[in-house]
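# Residue-level structure breakdown
Read off the chains here:
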Amino acid sequence: MYIMRSVLLVALVATIVQSQGQRQRNRPRQTRPANNLPESSAPNLALLPRVGEASESCPNPGEEVSFELITGFVYSSADDIIDSKIGTLVLGECIEYCRLNSRCQALNFETGLCVLFKTAAGENSASLAVSQFPVFTLYAQKVCLASQRPTCASPWAYETVPGLAITNRFRADSKTVASRGLCVLACLTEDKFICRAVSYEAATKTCTLAQVDRNMAGRKRLLELEEEADYVEVACVPKPQKMCEFQTLRGRILKTVDAVYQDVESNEECKDRCMKANFTCYSFDFMSAGEKICRLSHHSTATLAHIQEPYLQIENATTHEMQSCYQVTVECRGMEMLARISTSTLFDGKVYAKNRPNSCVTDVKNSTDFEIVLPYNDVNCDVVQDGPGTFSTNIVIQNHDMIVTAADLGLALHCKYNLRNQTVTNSLLSGLEVKGAIDSTEFYEETVVESPNVVMRVTDTKGLDIITAQVGDNLALRFEITDVKSPYEIFVRELIAMDGQDNSEILLIDGRGCPTDPTIMQAVVQVENGVVLHAPFQAFKFPASEVVQFRALVTPCLPRCDPVQCNVPGFDGISRREESLGRRRRREVQDTDIMVAQSVRITDKFEFFANQKQEVEIESAEGSCSSFTGVVVACALFLAAQLVLLMAWSYLWHKKRATKQIDPNPPSLYFGTTSSRTSSTSYLTD
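Our subject in this report is the structure included herewith. On a predicted model such as this, the values are computed, not experimentally measured, just so you know.

### Comments concerning the overall build of the protein chain
Across its full length, the protein chain carries eight helices and 36 strands. Each of the 686 residues in the protein chain was classed as buried or not, and the buried ones make up 49%. Element-wise, carbon and sulfur atoms account for 49% of the exposed surface of the protein chain, whose accessible area totals about 32500 Å².

Right under this line is the structure:
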């Protein structure tokens, strides 16, 4: 299998090399309108020194050479090719070839091939053609930027996507500037907020700044189609990278990547290369393109929404895609611990104590920085005392407002009162198991034509019944007509998931038959001629219950069920139409809805260990020492007060005994009829 994959990739590279000279004649011209300028005329880019002419450095003082990257487009100027570097497997090396060549102004990169040009497209998109088959091309060109801008190790300064603009919801500021390059410079030098992206409309010279980029926005609509606009993301922005969760995309790998490394020994080593790359690596694959081959890319599903078919479909291949990174700091106060959390993506969910998801919880709406307070003496937050001055608790960072998914994170937090910073171990999400027999409930009614018997099963992707599962496993709900001779087909609507207590529920498939959130439940598709329907999803559960119940309405139809057209939003904010089995052909036959139900029991959601792989340095607050001193003083005053009360009670008791009027039910220590200590007193006494 590895040999076949290697041959396939080698064949692709060979195709690129052979077709490079013919690409200009054969490639269809799919460009955005841009002043109808001829290809040979490359207008000057505002920040680029004399585009198309030899230049070793930038003409203006205080500027330095950098690069602009454009994915999915190729520079079409065969007469201006300087050199072709066949066998170049790292985009950064290709960019460095151009940087060191005074004649080079631009380059095309495809895995295994680097082509250098003495001219560049600048801000004129008419010189660029869409390049997505058989692989997508990465185009880069030289630009000049102020040397005092924020810098990092990334080979390019920013990346441009033609034809997209930032939506009103995410616009942080707007300016009027003369060019796209000056718009980028305004973002790089912004000091009121962290600017991560811009969009520029050349017709109105409007520059829109945003604090969010595509990976950060997730599935929220950051962008909209705008033919005359350009969307730009800057490369050097701060982001958490201490604890990063990766999602597995099975059966596919990227056609073009930024770097290929050989002789890599393990998946962990490949992941480590991704985390330590000189660019922000968002995805990697290991041994999917060949033996001991590790491939890295700064792209993810979110940044490739404008590329048609960016992945190769290869059985048993796996791409690991970064979902979120977290940075957690804990402030150890006198009577509570405060956990501050920063994420690399917009968070819209909640953080809560693992055993108290309803009573100790913080709801978060569209934020990258949030916190939760965990009092020591509050039973609702389940903070335990491990020893003198040592406290711990487990928290869950849940991305969805209602259900636990594979993207969620579990952390074990500790506070110890001393003068040194502490290292605490954070355990990630552990397995989520589904145990017990799978029971189904069938309902059917008789009409003129007998309605079919329909069952709903929980299966793996191949249709086999599952007994156990883990959060994030690829599963499916299967709806099946048990009578193989039934004349009916079926469609599914109003699919609901509920917790075992019927307190919470979430709509997965709406009344039309369309998925409400494709990240949880995908569209319903036919498997066997309409008698078996398949709805893929990733295993999830509710935080406060061990049972997930599925319930749906199944409608039979004659002679066949027509699919409904569903609008599914993408990462770029563009809704795409997908078919789902949710619309029936209108017939005179009166169809009868069938309700089907299925219950699945979920066991342990997380396991928190003290010796997990990932560790985070906890930053103690400046007031921690004084808070500890305060606790000691409070305890001393409390004990002194108890001693005074005890002496007073003893005096009264002896006085009454001396007069033989001793009450058989003496007053309590707290001058009440019953001994009812507050939680704070109980905590300090214990």
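Now that the structure is up, let's keep going.
### Some thoughts on the nonpolar core
With 45 residues, the main nonpolar core has Leu107, Trp156 and Leu296 as its most contacted residues. With six residues, the single largest contributor to this core is strand 17 (residues 311-332). With near-sequence residues (within four places) excluded, leucine 296 lies in contact with Val257, Asp258, Ala259, Tyr261, Cys270, Arg273, Cys274, Ala277, Phe279, Cys281, Ser283 and Phe284. If you look at the next biggest cluster of nonpolar residues, it comprises 35 residues, including Phe479, Ile506, Met521 and Phe550.

### A look at the state of the cysteines
A complete count under the given rule lists twelve disulfides for this structure. The partner cysteine of cysteine 183 in its disulfide is cysteine 207, sulfur to sulfur 2.0 Å. Here the disulfide of cysteine 183 and cysteine 207 is right-handed, its torsion about the S-S bond being about 80°. In this pair, cysteine 183 sits in helix 4 (residues 180-188) while cysteine 207 sits in strand 11 (residues 206-210), placing the two residues 24 residues apart along the sequence. Per residue, the accessibility class of cysteine 183 equals that of cysteine 207, and both read buried.

### Here's the deal with the sheet that holds strand 3 (residues 81-86)
With mixed pairing, ten strands are arranged side by side in an open sheet as 3-5-4-7-1-8-12-10-11-9. Since the sheet does not close on itself, it has two edges, and those belong to strand 3 and strand 9 (173-176), each with one partner. In this sheet, adjacent strand axes meet at a mean angle of 30° when their direction is disregarded. The strands that helix 3 (residues 91-100) touches are strand 1 (63-71), strand 3, strand 4 (106-110), strand 5 (113-117) and strand 7 (138-146); relative to strand 4, the one it contacts most, it runs at about 160°. Here helix 4 sits on the sheet and contacts strand 1, strand 7, strand 8 (158-166), strand 9, strand 10 (197-201), strand 11 and strand 12 (223-234); the angle it forms with strand 10, its principal contact strand, is near 155°.

### Section: the environment of threonine 206
With respect to the helices, strands and loops of the structure, threonine 206 is situated in strand 11. Given the relative accessible area of 24%, threonine 206 is considered partly exposed. Spatially, the C-alpha atoms of threonine 206 and serine 179 are 9.1 Å apart, while their sequence positions differ by 27 residues. Not counting chain neighbours up to four residues away, the residues in contact with threonine 206 comprise Lys175, Ser199, Tyr200 and Glu201. Reaching out from threonine 206, the side chain makes a polar contact with the side chain of threonine 204 at a distance of 2.8 Å.

### A look at the sheet that holds strand 30 (residues 525-526)
Judged by pairing direction, the sheet is antiparallel, and its four strands sit side by side in the order 26-27-31-30 without closing on themselves. A strand with exactly one partner marks an edge of an open sheet, and here the two such strands are strand 26 (454-460) and strand 30. Bridge count between strand 26 and strand 27 (residues 474-481): seven bridges; the pairing is antiparallel. Across the sheet, the residue bridging to methionine 456 is phenylalanine 479, located in strand 27.

### Quick notes on the pairing of strand 32 (residues 547-557)
For strand 32, the buried fraction is high: ten of the eleven residues fall into the buried class. In the sheet, strand 28 (residues 489-499) pairs with strand 32 via nine bridges, with the strands oriented antiparallel. Bridge pairing in strand 32 places glutamate 489 opposite cysteine 557.

### Remarks on the pattern of salt bridges
Across all of its chains, the model carries 18 salt bridges by this definition. The residue lysine 85 makes a salt bridge to aspartate 83 at a minimum N-O spacing of 3.1 Å. Residue class for lysine 85 comes out partly exposed when judged on its relative accessible area of 28%. Classification of aspartate 83 as partly exposed rests on a relative accessible area of 29%.

### Things to note about the packing of aromatic side chains
Tallying each qualifying case throughout the model produces nine aromatic pairs. With centroids separated by 5.8 Å and ring planes inclined at 35°, the aromatic side chains of tyrosine 75 and tyrosine 139 adopt a geometry described as tilted. Linking tyrosine 75 in strand 2 (residues 73-75) with tyrosine 139 in strand 7, this pair joins segments that are 64 residues apart in sequence. The class of tyrosine 75 is buried, set by a relative accessible area of 1%. Given the relative accessible area of 0%, tyrosine 139 is considered buried. Their ring planes at 70° and their centres at 6.0 Å tell us that phenylalanine 537 and phenylalanine 540 sit as a pair that is edge-to-face.

### Some points on the side chain of histidine 320
For histidine 320, the location among the structural elements is in strand 17. At a separation of 3.3 Å, a polar atom in the side chain of histidine 320 contacts the side chain of asparagine 267. The contacts of histidine 320, once residues within four sequence positions are left out, are Phe246, Gln247, Thr248, Asn267, Tyr282, Ser283 and Phe284.

### Some details on a nonpolar patch on the surface
Residues Leu643, Leu646 and Met647 make up a contiguous nonpolar surface patch of roughly 320 Å² in combined accessible area. Position of leucine 646 relative to the elements: it lies in helix 7 (residues 624-658). The class of leucine 646 is partly exposed, set by a relative accessible area of 46%.

### Some points on helix 3
Within helix 3 the residues assigned to the buried category are Leu91, Cys94, Ile95 and Cys98. Within helix 3, the buried residues cover an arc of 95° as seen down the axis, which keeps them to one side. Lining the buried residues of helix 3 we find strand 1, strand 4, strand 5 and strand 7.

### Thoughts on the environment of glutamine 105
Along the chain, glutamine 105 turns up in the loop between helix 3 and strand 4. Note: C-alpha distance between glutamine 105 and isoleucine 82 (23 residues apart in sequence) is 9.9 Å.

### Topic: unusual backbone geometry
A cis amide bond, omega -5°, links phenylalanine 133 with the succeeding residue proline 134. Topologically, proline 134 is positioned in the loop between strand 6 (128-130) and strand 7. Unlike most non-glycine residues, lysine 205 shows phi in positive territory, near 55°. Overall, lysine 205 belongs to the partly exposed group, its relative accessible area being 39%. A positive phi angle, close to 50°, is found at glutamate 309, a residue other than glycine.

### Some thoughts on the side chain of serine 283
Structurally, serine 283 can be placed in strand 15 (residues 283-286). Beyond its immediate stretch of four places on either side in the chain, serine 283 contacts Leu254, Cys274, Arg295, Leu296, Ser297, His299, Thr319, His320 and Glu321.

### Some words on the environment of glutamate 336
With respect to the element layout, glutamate 336 can be found in strand 18 (residues 336-353). Placed 79 residues apart in sequence, glutamate 336 and cysteine 415 show a C-alpha to C-alpha distance of 9.3 Å. For glutamate 336, the residues in contact, after removing those within four places along its chain, are Glu331, Val373, Leu374, Pro375, Tyr376 and Tyr417. Only 2.8 Å separates the side chain of glutamate 336 from the side chain of arginine 333, close enough to count as a polar contact.

What counts and what doesn't
Residues numbered from 1 in each chain as written. Predicted model: local features only at pLDDT ≥ 70, side-chain atom pairs only at ≥ 80, totals over all residues. Heavy atoms only, no water. Helix = DSSP H or I, 4+ residues; strand = E, 2+ residues; numbered from the N terminus. Buried < 20%, exposed > 50% of the residue type's maximum accessible area, 1.4 Å probe, protein only. Areas by Shrake-Rupley, 256 points an atom, 1.4 Å probe, with all protein chains shown as cover. Core = buried A, V, L, I, M, F, W, Y, C linked by side-chain atoms within 4.5 Å. Contact = heavy atoms within 4.5 Å. Disulfide = S-S within 2.5 Å. Pairing = 2+ DSSP bridges. Axes fitted to C-alpha atoms, helices over the stretch in contact; angles between N-to-C directions. Polar contact = N/O pair within 3.5 Å; in protein donor to acceptor, adjacent residues only side chain to side chain. Salt bridge = Lys/Arg side-chain N within 4 Å of Asp/Glu carboxyl O. Phe/Tyr/Trp six-rings, centres within 6.5 Å; stacked < 30°, edge-to-face > 60°. Patch = residues over 30% accessible without salt bridge, like charges linked within 9 Å, V, L, I, M, F, W, Y side chains within 5 Å. Arc of directions from axis to C-beta.

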